[in-house]
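An overview of the molecular structure
Now for the letters of each chain:
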Amino acid sequence: MTDARPLTDDLAAAFQIEGWPVRGRLVRLGAAVDEILSAHAYPEPVAGLLGEACALAALVGSSLKFEGRLIVQAQGDGPVRYVVADYDTSGTLRGFCRYDADEVAAVSTGFARPGAQTLLGKGVFVMTLDRGADFERTQGMTPIEGESLSLCAEHYFEQSEQVPTKVRLAVGRVATAEGESWRAGGAMIQIIAADDARGDTVEAWDRSRALFATLADDEILDPTITPETLLFRLFHEDGVRLENARALRAECRCSRDRIASTLKAFSAQDRADMVEDDGLIRVTCEYCSKVYELEPSEAEPA
C-alpha cells in the first residue's frame, strides 16, 4: 500500500507565489544530511560547509529536466581544500570534504562559526551537469565569495545564466526526542523575465526579495515547521503553493566492483605496496567511510 501522507522532511520541492513572476525551490534535510555528515568526524565548521553544499546541490539539482547528476564543489587554498556534494535525479545525495584539522582549528577560535571564504580561502566554486556517458559534461565556475555558499550560487546564476537569484542556506545540530542530529535546508527564488503578458517585473522582484530576506535559519532547520507553514509565513498575504515534492535520501555509489576496477588501473608494484600485513588490501570510501577488504587477486587486471 502506498503511503499517501505528504512529504515533510528530506524533500525538495518547487513553489509558486500566486500571480507573481517568481519561481522558487525549497529543500529540507534531516536523516539524509545527518547520515552524510556523521559518516566522518568532521569539525563543526567543516560539517556546516558540507551541509550547505548538500542543500545547494539538492536545491539546484532537483530542478533538472533530464536524468543525471548535479555536482556542487568548491576548492581553494584555505583550511578546507575541497568540498563536494552531488545530487542524482533519482533523489540521492552524497558528499565529502578534505581539510587540514589544525588549520581548521586555528580559524575556529572566534565566537562565530567560520564560513565558506574563511575555510576555503582563495579558490573557485563550480557547478557541473552530468547527463551520463553519452553526453559531454557542462560546467560553470565563479570565484569563492562570502561566508556562505549561497553567495557563490547567486554569483554563479548571475554570471552563467544571467538570472537574478537569491539563495538561503542553513545547517545546524538540532535537539529532538531521539537526541541531537544534523539538519540542513535551503530556499531559492528566481525572477521570471518580463514579457508583454507580465509587463515589468522589477517591483515584484523587489518585494519577493524583501520577504525572502526575513527567512531565518531556525525556521529552515526546525523539524516541527512543515514546508507549507514555512512558505505561508513568508508569502501568506499573496498565496503560495508547494509543487512536485520529491523525496531525498543519502546514498553512496561505491561498491566492491568499483573499488576493484579502480585498483586494477594501478601498477603491479603499487598494488603490491597496498597489501597489508594480513594479506588484504583495504580501501575506505571518501564519501561514506565504508571500508572494503579485498584479496590482492581481486585487484589484478584480467
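Rules of the game
- Residues numbered from 1 in each chain as written.
- Predicted model: local features only at pLDDT ≥ 70, side-chain atom pairs only at ≥ 80, totals over all residues.
- Heavy atoms only, no water.
- Helix = DSSP H or I, 4+ residues; strand = E, 2+ residues; numbered from the N terminus.
- Rg over C-alpha atoms; globule rule 2.2 N^0.38 Å.
- Buried < 20%, exposed > 50% of the residue type's maximum accessible area, 1.4 Å probe, protein only.
- Contact = heavy atoms within 4.5 Å.
- Areas by Shrake-Rupley, 256 points an atom, 1.4 Å probe, with all protein chains shown as cover.
- Pairing = 2+ DSSP bridges.
- Axes fitted to C-alpha atoms, helices over the stretch in contact; angles between N-to-C directions.
- Salt bridge = Lys/Arg side-chain N within 4 Å of Asp/Glu carboxyl O.
- Polar contact = N/O pair within 3.5 Å; in protein donor to acceptor, adjacent residues only side chain to side chain.
- Core = buried A, V, L, I, M, F, W, Y, C linked by side-chain atoms within 4.5 Å.

Re the overall build of the protein
Check the secondary structure of the protein and you find ten helices and 13 strands. For 302 residues, the compact-globule estimate of 2.2 N^0.38 gives 19 Å, and the protein sits close to it at 21 Å. Its C-alpha atoms give the protein principal-axis dimensions of roughly 70 × 50 × 45 Å. Counting all 302 residues of the protein, 47% fall into the buried class. The contacts of the protein with a sequence gap of at least 6 include a subset with a gap of at least 24, amounting to 63%. Surface summary for the protein: the accessible area is close to 15,300 Å², and the carbon and sulfur share equals 49%.

Brief notes about the sheet that holds strand β3 (residues 69–76)
Strand order across the open sheet formed by six strands is β7-β6-β3-β4-β5-β11, with mixed pairing between neighbours. Strand pairing shows two members of the sheet lacking a second neighbour, β7 (138–143) and β11 (249–250), which therefore form its edges. The strands touched by helix α2 (residues 44–61) within the sheet are β3, β4 (80–88), β5 (92–99) and β6 (123–130), with β4 carrying the most contacts at an inclination of about 30°.

Structural notes on the pattern of salt bridges
Any two side chains of opposite charge can pair if their charged atoms end up close together. In total, this model carries 22 salt bridges according to the counting rule given. With its nearest N and O atoms 2.6 Å apart, the salt bridge here joins R209 to D206. Here R209 and its partner D206 are both found in helix α6 (residues 202–212), three residues apart, which amounts to about one turn of the helix. D206 gets classed as partly exposed once you look at its relative accessible area, which sits at 38%. The residue E243 makes a salt bridge to R241 at a minimum N-O spacing of 2.7 Å. Overall, R241 belongs to the partly exposed group, its relative accessible area being 36%. Taken together, the shared-partner salt bridges connect R69, D86, R94, D130, R137 and R253 into one network.

Concerning the pairing of strand β9 (residues 179–191)
The buried count for β9 comes to eleven of 13 residues, which makes it a mostly enclosed element. Bridge count between strand β2 (residues 22–29) and β9: eight bridges; the pairing is antiparallel. Pairing of V27 across the sheet is with G186, part of β9. Pairing of strand β8 (residues 165–176) with β9 involves twelve bridges; the strand directions are antiparallel. What sits directly across from V171, in β9, is A184. Hairpin remark: β8 followed by β9, antiparallel, with two residues in the connecting loop.

A word on the side chain of T128
Along the polypeptide, T128 turns up in strand β6. Here the side chain of T128 touches Q139 through a polar contact of 2.9 Å, side chain to side chain.

A look at the sheet that holds β8
Across a sheet, strands are paired by hydrogen bonds formed along the backbone, either parallel or antiparallel in direction. The strand order across the open sheet built from five strands is β8-β9-β2-β1-β10, with neighbouring strands paired in antiparallel fashion. Since the sheet does not close on itself, it has two edges, and those belong to β8 and β10 (240–247), each with one partner. Sheet twist, expressed as the mean angle between neighbouring strand axes with direction ignored, is 15°. Strands β2, β8 and β9 of the sheet are contacted by α6, whose axis makes an angle of about 170° with β9.

Examining the environment of D34
Residue position: D34 is located in helix α1 (residues 31–38). With 150 residues separating them in the primary sequence, D34 and A184 have C-alpha atoms 8.6 Å apart.

So, the nonpolar core
L29, L56, L120, F125, M127 and L149 are the most contacted members of the largest nonpolar core, which totals 56 residues. Top contributing element to this core by residue count: α2, with twelve residues. Once you skip the residues sitting within four places of it in the chain, M127 turns out to touch L56, V60, I71, V72, T138, Q139, G140, A153, Y156 and F157.

Description of unusual backbone geometry
The backbone of D10 shows a phi angle near 50°, a positive value even though the residue is not glycine. Looking at D10, the relative accessible area reads 14%, which means it is buried. One non-glycine residue with positive phi stands out, namely S289, at about 70°. Of the residues examined, S289 reaches a relative accessible area of 26% and is grouped as partly exposed.

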